[in-house]
Amino acid sequence: MAGLGYFSHTSPTPDRRSMVDRFKLVGVTGYERAAENIAMGSFTPAEAAQKLVEMWMNSEGHKKNILDPELRLIGVGSATNDRGQIYATQDFSRVATPTEAAPAPELRGDGSVDL
C-alpha cells in the first residue's frame, strides 16, 4: 500500500487484489477463516504502535477482529511511504480443523506402494 500509494483492503495489483490472493503468494494455507485490519496515519515511529492499536480498538469491526477468540494466528506488517505516513496491516486466521489422517500405505517387498 505504502509503495503503491493506495489505502484499501483491495490492491490495484492483479495478483494481490484480496487478502486471500496475498495469503496464497506467501504460501499461507490450511486456514478456515481470516480477517484483516489496516490502518494508516501520520505519527512518529515511536508512537506508531500505540496510535495504531488505539485506532483499531476504537473501531467496532477492527476491535472485533482483534478480540475474536477463534482467530488465533496473526501476521503483522508495516511500511512508511515517501511522505512519512505509516501503513500497518494485521492479518488474522483460524487454522482449519484437521481431518483424520488416512492410514499410511503398506510397503511391498520391493519398496513400492499403491496410492
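Sequence order sets the numbering: in each chain, residues are counted from 1 along the sequence as written. In view of the model being predicted, local features appear only for residues whose pLDDT reaches at least 70, and side-chain atom pairs are presented and counted only at 80 or more, with totals across whole chains, interfaces and linings using the full set of residues. To obtain the side-chain values, all non-hydrogen atoms of the structure were included, while hydrogens and water were left out.

Trainee: How should I be thinking about the sheet that holds strand E2 (residues 73–80) in this particular structure?
Mentor: Strand pairing in a sheet relies on backbone hydrogen bonds, with the paired strands running either antiparallel or parallel. The rule for pairing is simple: two strands pair if DSSP sees at least two bridges between them. Strands are runs of DSSP state E lasting at least 2 residues, helices are runs of H or I lasting at least 4, and numbering of each runs from the N terminus. The three strands are arranged E1-E3-E2 in an open sheet whose pairing can be described as antiparallel. Of all the strands in the sheet, the pair left with one neighbour each is strand E1 (31–41) and E2. Between one strand and the next, the sheet's axes are offset by a mean angle of 15 degrees, whatever the strand orientation. Sheet topology places E1 next to strand E3 (residues 86–95); 10 bridges connect them, and they run antiparallel. Looking at the pairing, Glu-36 lines up with Asp-91 of E3. In the packing of helix H3 (residues 60–67) onto the sheet, the strands contacted are E1 and E3, and the crossing angle to E1 comes to about 130 degrees. Lines are fitted to the C-alpha atoms to define the axes, a helix being fitted only along its stretch in contact, and any angle between axes, read from their N-to-C directions, falls within 0 to 180 degrees. Residues count as neighbours in contact if any of their non-hydrogen atoms are within 4.5 Å of one another.

Trainee: Where do I start with the pattern of salt bridges in this structure?
Mentor: Any two side chains of opposite charge can pair, on the condition that their charged atoms come close. Each reported salt bridge corresponds to a side-chain nitrogen of Lys or Arg within 4 Å of a carboxyl oxygen of Asp or Glu. Following the criterion strictly, the structure yields six salt bridges and no others. The salt bridge involving Arg-22 is made with Glu-36; its shortest N-O contact spans 3.2 Å. Note that Arg-22 is positioned in helix H1 (residues 19–25) and Glu-36 in strand E1, a separation of 14 residues in sequence. The partner of Arg-33 in a salt bridge is Glu-70, and the shortest N-O contact between them spans 3.2 Å. Separated by 37 residues along the polypeptide, Arg-33 in strand E1 and Glu-70 in the loop between H3 and E2 bring together distant segments of the chain. The buried label goes to any residue with under 20% of its type's maximum accessible area, the exposed label to any with over 50%, and the partly exposed label to all in between, with areas taken from a 1.4 Å probe on protein chains only. Given the relative accessible area of 38%, Glu-70 is considered partly exposed. Taken together, the salt bridges that share partners define one network made up of Glu-32, Arg-33, Asp-68, Glu-70 and Arg-94.

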